[in-house]
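Fold and contact review
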There are 2 protein chains.
Amino acid sequence: MAEGKIRRPRAETPKGFRDYFGAEVTERKAMLDAIAGVYHRYGFEALETSAVETVEALGKFLPDVDRPNEGVFAWQDEDEAWMALRYDLTAPLARVAAQYRNDLPSPYRRYAMGPVWRNEKPGPGRFRQFYQCDADTVGTGSVAADAEICAMLSDALEVVGIPRGDYVVKVNNRKVLNGVMEVAGVLDPSDATRFEAERGIVLRAIDKIDRLGDAGVRALLGEGRKDESGDFTKGAGLSSEQAEVVMGFVSAKRDSGAETVARLRELVGASALGAEGVNELETIAALLDAQGYGPDRIVLDPGVVRGLGYYTGPVFEAELTFEILDEKGRKRQFGSVAGGGRYDDLVKRFTGQAVPATGVSIGVDRLLAALQAKGRVAADTTGPVVVTVMDRDRMADYMSMVADLRNAGIRAEVYLGNPKNFGNQLKYADKRQSPVAVIQGSDEAARGVVVLKDLILGAKIAENATLEEWKDRPAQVETPRGDLVATVRKMLGQ
Amino acid sequence: MAEGKIRRPRAETPKGFRDYFGAEVTERKAMLDAIAGVYHRYGFEALETSAVETVEALGKFLPDVDRPNEGVFAWQDEDEAWMALRYDLTAPLARVAAQYRNDLPSPYRRYAMGPVWRNEKPGPGRFRQFYQCDADTVGTGSVAADAEICAMLSDALEVVGIPRGDYVVKVNNRKVLNGVMEVAGVLDPSDATRFEAERGIVLRAIDKIDRLGDAGVRALLGEGRKDESGDFTKGAGLSSEQAEVVMGFVSAKRDSGAETVARLRELVGASALGAEGVNELETIAALLDAQGYGPDRIVLDPGVVRGLGYYTGPVFEAELTFEILDEKGRKRQFGSVAGGGRYDDLVKRFTGQAVPATGVSIGVDRLLAALQAKGRVAADTTGPVVVTVMDRDRMADYMSMVADLRNAGIRAEVYLGNPKNFGNQLKYADKRQSPVAVIQGSDEAARGVVVLKDLILGAKIAENATLEEWKDRPAQVETPRGDLVATVRKMLGQ
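Calculation notes
The written sequence of each chain sets the order in which its residues are numbered from 1. For this description, chains carry letters from A and ligands carry numbers from 1, given in the order in which they are written. Only residues with pLDDT of at least 70 are given local features in this predicted model, and only at 80 or more are side-chain atom pairs given and counted; all residues enter the totals for whole chains, interfaces and linings. Strands are runs of DSSP state E lasting at least two residues, helices are runs of H or I lasting at least four, and both sets are numbered from the N terminus onward. Our radius of gyration is a C-alpha quantity, and the globule rule it is checked against amounts to 2.2 Å times the number of residues to the power 0.38. Working definition of burial: number of other C-beta atoms within 10 Å of the residue's own, with buried at 20 or more, exposed at 12 or fewer, and partly exposed in between, all C-beta atoms being placed from the backbone. Strands are treated as partners if at least two bridges between them are detected by DSSP. To get an axis, fit a line to the C-alpha atoms, keeping to the stretch in contact for a helix; angles then go from 0 to 180 degrees between the N-to-C directions. Contacts are defined on C-beta atoms placed from the backbone: any two residues whose C-beta positions lie within 7 Å are in contact. Under the scheme applied, nonpolar residues are Ala, Val, Leu, Ile, Met, Phe, Trp, Tyr, Cys and Pro; charged residues are Asp, Glu, Lys and Arg; polar residues are all the others, including Gly. Annotation comment: domain bounds sourced from an automatic or database domain assignment. The span one expects for a helix is its residue count, reduced by one, times 1.5 Å. Fitting one axis to the seven residues ending at a residue and another to the seven starting there, the bend at that residue is the angle between the two axes. In superposing the copies, a least-squares fit is computed on C-alpha atoms, taking residues whose pLDDT is at least 70 in both. For classification purposes, an angle smaller than 35 degrees is called roughly parallel, one larger than 145 roughly antiparallel, one from 65 to 115 roughly perpendicular, and anything else oblique. A crossing counts as left-handed when the near helix is turned anticlockwise from the far one by less than a right angle, and as right-handed when that turn is clockwise. In plain words, the nonpolar core is the set of buried Ala, Val, Leu, Ile, Met, Phe, Trp, Tyr and Cys residues that C-beta atoms within 7 Å link up. pLDDT measures how confident the predictor is about each residue, on a scale from 0 to 100.

Each helix and strand counted, chain A has 18 helices and 19 strands in total. Radius of gyration (C-alpha) of chain A: 29 Å, far over the 23 Å computed for a compact globule of 494 residues. If one aligns the C-alpha atoms of chain A with their principal axes, the spans along those axes are about 95 × 60 × 55 Å. Looking at chain A residue by residue over its 494 residues, the buried ones come to 48%.

A few words now on the sheet that holds strand E4 (residues 74–76) of chain A. Residue and element names in this part refer to chain A. Ordered by their spatial adjacency, 3 strands build an open sheet running E3-E5-E4, and the pairing between neighbours is antiparallel. Single-partner strands in this sheet number two, and they are strand E3 (52–54) and E4. Neighbour to neighbour, the strand axes of the sheet diverge by 35° on average, direction disregarded. With 3 bridges connecting them, E3 and strand E5 (residues 82–85) associate as antiparallel partners. The partner of Glu53 across the bridge, within E5, is Ala84.

Taken together, the contact between chain B and chain A spans 78 residues of the former and 78 residues of the latter. No other element matches the 6 residues that helix H13 (residues 395–407) of chain B contributes to the side of chain B that touches chain A. Across the side of chain B that touches chain A, the residue classes break down as 37 nonpolar, 22 polar and 19 charged. With 2 bridges connecting them, strand E1 (residues 20–21) of chain A and strand E2 (residues 45–48) of chain B associate as antiparallel partners. When the bridges of E2(B) are listed, Tyr20(A) appears paired with Glu48(B).

It is worth spelling out the domain arrangement of chain A at this point. For chain A, the assigned domains are domain 1 (14–141 + 344–381), domain 2 (162–324) and domain 3 (385–491). Taking only C-alpha atoms, the centre of domain 2 of chain A and the centre of domain 3 of chain A are 62 Å apart.

So, about helix H7 (residues 209–221) of chain A. Each α-helix winds once per 3.6 residues, and so residues spaced three or four apart point in a common direction. Residues and elements named next belong to chain A. In a regular helix each residue adds 1.5 Å, so 13 residues correspond to 18 Å; H7 covers only 12 Å between its end C-alpha atoms and thus falls short of that length. The largest bend along H7 reaches roughly 75° and is located at Ala215. Taken together, the buried positions of H7 are Val217, Leu220 and Leu221. Residues of H7 that are buried sit in contact with helix H6 (196–207), strand E9 (224–226), strand E10 (232–234) and helix H8 (240–250).

Attention now goes to helix H4 (residues 143–160) of chain A. All names here are of chain A. Taking 1.5 Å of rise per residue, 18 residues should cover 26 Å, and H4 covers 26 Å from first to last C-alpha, within 8% of that figure. With 16 of 18 residues buried, H4 lies mostly within the body of the structure. Downstream of H4 by a residue or two, Gly161 has a phi angle that is positive, lying close to 120°.

So, on to the relation of the copies chain B and chain A. Relative to chain A, chain B is turned by 180° and slid 0.0 Å along the rotation axis, the superposed coordinates differing by an RMSD of 0.0 Å. Between the two chains, the operation in question is that of a two-fold axis. Minimal C-alpha separation from the rotation axis in chain B is found for Trp75(B), amounting to 2.9 Å. When the interface residues of chain B are mapped onto chain A, 100% of them again lie at the interface, so the same face is used by both copies.

To continue, consider the environment of Glu196(A). Note that Glu196(A) resides in helix H6. The spacing of Glu196(A) and Val186(A) is 10 residues in sequence and 8.3 Å in space, taken between C-alpha atoms.

Residues and elements named next belong to chain A. Across the 10 residues of strand E6 (residues 108–117), 10 count as buried, placing the element largely inside the fold. Strand direction decides the pairing type here: strand E2 (residues 45–48) and E6, joined by 2 bridges, are parallel. Directly across from Ala46, in E6, lies its bridge partner Tyr111. Pairing of E6 with strand E7 (residues 129–138), which is carried by 10 bridges, proceeds in the antiparallel orientation. When the bridges of E7 are listed, Met113 appears paired with Cys133.

Here we come to the packing of helix H13 (residues 395–407) of chain A against helix H18 (residues 484–491) of chain A. All names here are of chain A. Remark: H13 packs on H18, axes separated minimally by 10 Å, with the N-to-C direction vectors making an angle of 60°. By the criterion of interaxial angle, the relationship of H13 to H18 is oblique. Seen from above, H13 lies across H18 with right-handed handedness. Facing H13, whose interface residues are Met401, Asp404 and Leu405, H18 presents Leu484, Val485 and Val488.

It is worth spelling out the packing of helix H5 (residues 174–184) of chain A against helix H9 (residues 257–268) of chain A at this point. All names here are of chain A. Where H5 contacts H9, the two axes come as close as 8 Å, and the packing angle between them is 35°. Contacts between H5 and H9 involve Val176, Gly179, Val180 and Val183 on the former and, on the latter, Leu264, Leu267 and Val268. Across the contact of H5 with H9, the residue classes tally to 6 nonpolar, 1 polar and no charged.

Turning our eyes to something else, we now look at the sheet that holds strand E18 (residues 449–454) of chain B. Residue and element names in this part refer to chain B. Pairing is mixed in the open sheet, where 5 strands are placed in the order E16-E15-E17-E18-E19. Each edge of the open sheet is held by one strand with a lone partner, namely strand E16 (412–414) and strand E19 (476–480). Strand-to-strand twist of the sheet, defined as the mean angle between neighbouring strand axes without regard to direction, takes the value 25°. Sheet strands in contact with helix H18 (residues 484–491) are strand E15 (385–387), strand E17 (436–439), E18 and E19, and its direction is about 10° off that of E18.

Take the nonpolar core next. Leu153(A), Val180(A) and Val180(B) are the most contacted members of the largest nonpolar core, which totals 290 residues. Other than its neighbours up to four places away in sequence, Leu153(A) contacts Val169(A), Phe316(A), Ala318(A), Ala338(A) and Val360(A).

Turning to the pairing of strand E8 (residues 167–173) of chain A, a few remarks are in order. Strand residues, when the strand is regular, have side chains that alternate between the two faces of the sheet. Residue and element names in this part refer to chain A. A large share of E8 lies buried, amounting to 7 of its 7 residues. Neither face of E8 is left uncovered, since the one carrying Tyr167, Val169, Val171 and Asn173 and the one carrying Val168, Lys170 and Asn172 both have all their residues buried. Here E8 pairs with strand E12 (residues 314–325) via 7 bridges, running antiparallel. Along E12, the bridge assignment pairs Val169 with Ala318.

Along the chain, Ser106(A) connects to Pro107(A) via a cis peptide bond; the corresponding omega equals 0°. Here Pro107(A) is to be found in the loop between helix H3 (90–99) and E6. One non-glycine residue, Glu80(B), lies in the positive phi region at around 70°. Looking at the element boundaries, Glu80(B) is found in the loop between strand E4 (74–76) and strand E5 (82–85).

Residues and elements named next belong to chain A. Per-residue pLDDT for chain A has a mean of 90; in total, 93% of the residues score no lower than 70. When the elements of chain A are averaged for pLDDT, helix H17 (residues 467–472) gives the smallest value, 60, and E2 the largest, 98. Residue range residues 65–69 is modelled with pLDDT below 50. Its contacts to residues more than four positions away, or to other chains, number 3 contacts. Note on the complex model: pTM 0.91, ipTM 0.90.

Counting through the fold element by element, Asn119(A) comes out in the loop between E6 and E7. Each C-alpha atom, one on Asn119(A) and one on Ala236(A), is 28 Å from the other, the two residues being 117 residues apart in sequence.

Here the focus is the environment of Leu58(B). All names here are of chain B. Mapped onto the elements, Leu58 comes out in helix H2 (residues 55–58). Looking at Leu58, the number of C-beta atoms within 10 Å reads 25, which means it is buried. The spatial distance from the C-alpha of Leu58 to the C-alpha of Arg218 is 34 Å, given a sequence separation of 160 residues. In contact with Leu58, not counting residues within four places along its chain, are Glu53, Val72, Ala84, Arg86, Tyr87 and Ala91.

Quick look at the structure:
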């Protein structure tokens, strides 16, 4: 075949996706395993649904409400039905809770971890496939369930290596916000749909307060806001008096939970819904206190609302409070790594019957980045012991050495490339972050010994050294073939 | 809203997919973790590519060659380019090996585990999403790499709980088969494309010998075969003399590896390619022997060819040799749980340069089913300790108990459903496979004690018992609240 005429496929990761190598995989796995251990200890059961759901079952609950139809990867199956990749782990849970409602324990505590897919414009650090790690309790309206989720989130952050004091779990309640909206005149208790669009804008405006600041949020509560690029976002159209009421809510946090509760009681005034929300917050704080989760870990903070439209009661968010340097070298707080809340209507979509639920989702990639920033990742990046090949004909001897090492539990491999150039073998061992190289030429073989080279000491110089120079360096020992395993073990400090 | 008018979404797992609950998830995970440990010890590095690839990069290498275009789930992205879910882990590896060829170590040993998707007709036990667990070495033509994969596969089976003697790894070589085809006159060394279709039919016929038997394979080598449903499959059109040569190959296995090699040497006659294949098999056997992998674990078996068209050299298959009962109650061997081989041309598709590679894929679901059949799954299915709720107003006390248990590392939960009906709480604990229930009514609270109920003993009777009957059963102790953790620990045998 004439090679020149062949149109070769491009070897490219699809746009917006990425590949994870070695420690990138194992570090994330170690973190997820630790979190799963906490979820399990709290009595949550694993659930793994498939990546594919019917578009009908998924519904339109993407956070980015401006483009609800474009958010998923979808296709038609052989029956013309639309299928899609899941965009989160909550929608599949709602489907499962409805489908198996007669078989599952109730309440049903479940955790799930795995990739989700969003058909969104990729950006720096923003990928179309990413991991989520969720825990939810379905089938109870008790705020004890919300309190438990907050406590568990706190434990999960600590178990992966975020020390107490470096994070805070903030708790708020949508009912309180709705009570405040009632006071502000953008919620009519007798007609839930009235002002719905305005409330959505208010919600998303408050959710952006960290990025937009007070003035930006006020603009969005009023007529609207023009961003730096000149794009105009329509506001909720509140009067400045109405906006004042909402902004009072956002800044209602006081030094203690009791004071915050008292302030919120003032703000919700005569709103029955608002009063209910304040009572729930008070109960959550009391339940957490009884379990030993004080304000050093979990605090009431009315500034947290979460952007998702489907939350109906308590909402929570975990923020990391230590500073990192952003891409422009400026100090800033790390920010949110997890969030969740109560969503009482998602299962009802399927069954028509109210099934209250609450849960949390940990942003796996952000939390992992935080652990890396703190130097807290646990994965061992040490490479394998490399058995080099001096005599091509004695491959069986080298493989016998590597088998001895592996059988002793030592990570090891034989060099499988072209053995002609010994320098390439050393470069390979270096690239593999190998701690020890094993060498046996014909001379050593005749004497029944092997040479062991400490590569952690020698790595830098080795790259351009000849075999003889390299063997002369001090970090090298000769040992009988029969002592190979014991000597390597000693060099590895095992 | 008038509920009757709402068209509710159906709560259904999409056709051909399934959900995995609790131990179904954790048992598989434990198995994959154990296998990953072996792969890691052999020096293999984790790789996780995304679920999505360009259709162009995936190519058409599905095992089901009869419907190459229908095998994947595909859609067009915003640039009209076709994207698809990966159908195996080998095609993404070939893409990665080409894309990062300047950065990866060479040879590159990598392992990968995760779901793959096939757009095929679902059937009993046949799903459109399933797990694979692969290990491959890219960038070496040395059969030492093939031998290593076989040894590693053997270790992987043993580490998950398949004892030696209950499995065998069979090794063969496509070059030997091609040498035999040359002798039979269906391979022309000077024109590789001549008789290509015939050879494909021969390959797939031999691959089905376990199911079709000798006669069925002979029919497919000749004119063709009508199956039970009356469907006719066209044969390779070989004469009976030609078919005899091929069948001689399939049954060339002898009592020892050396005898099998000798028999194969006879069969390939003057074919240079065939002789090369026989020499490779001989080398593999010698290398395995040097590592201590004798015929009790790994054997040469010319009956194994593997159906995939892209293999170019050694092929291997792990079979479980113990018997199970099939769906009709008949005894049969469990059969194949893993397979692989050398594929030297998959990376070349992208780069034009030859990059030899070899690897294995473990059929995760089949292997897990085998472990379950052998009673070898490790996952702990014990449920959590359940703290029951006697007084709704004292939820804080119950949550404090559950926090004490969890902080001591004991899996525990508080009952979060409606506490009114105590029987429901016991049913819940039963459904959760809870080992111990904690009870504290107002009387016990006043006395500063809790009642602990051993549910492993009591589960059966508890379902219809009243609280008083239930508390009277012997498997029950009263303990001071301060001794809760210690007493529970004792009851759990910790």
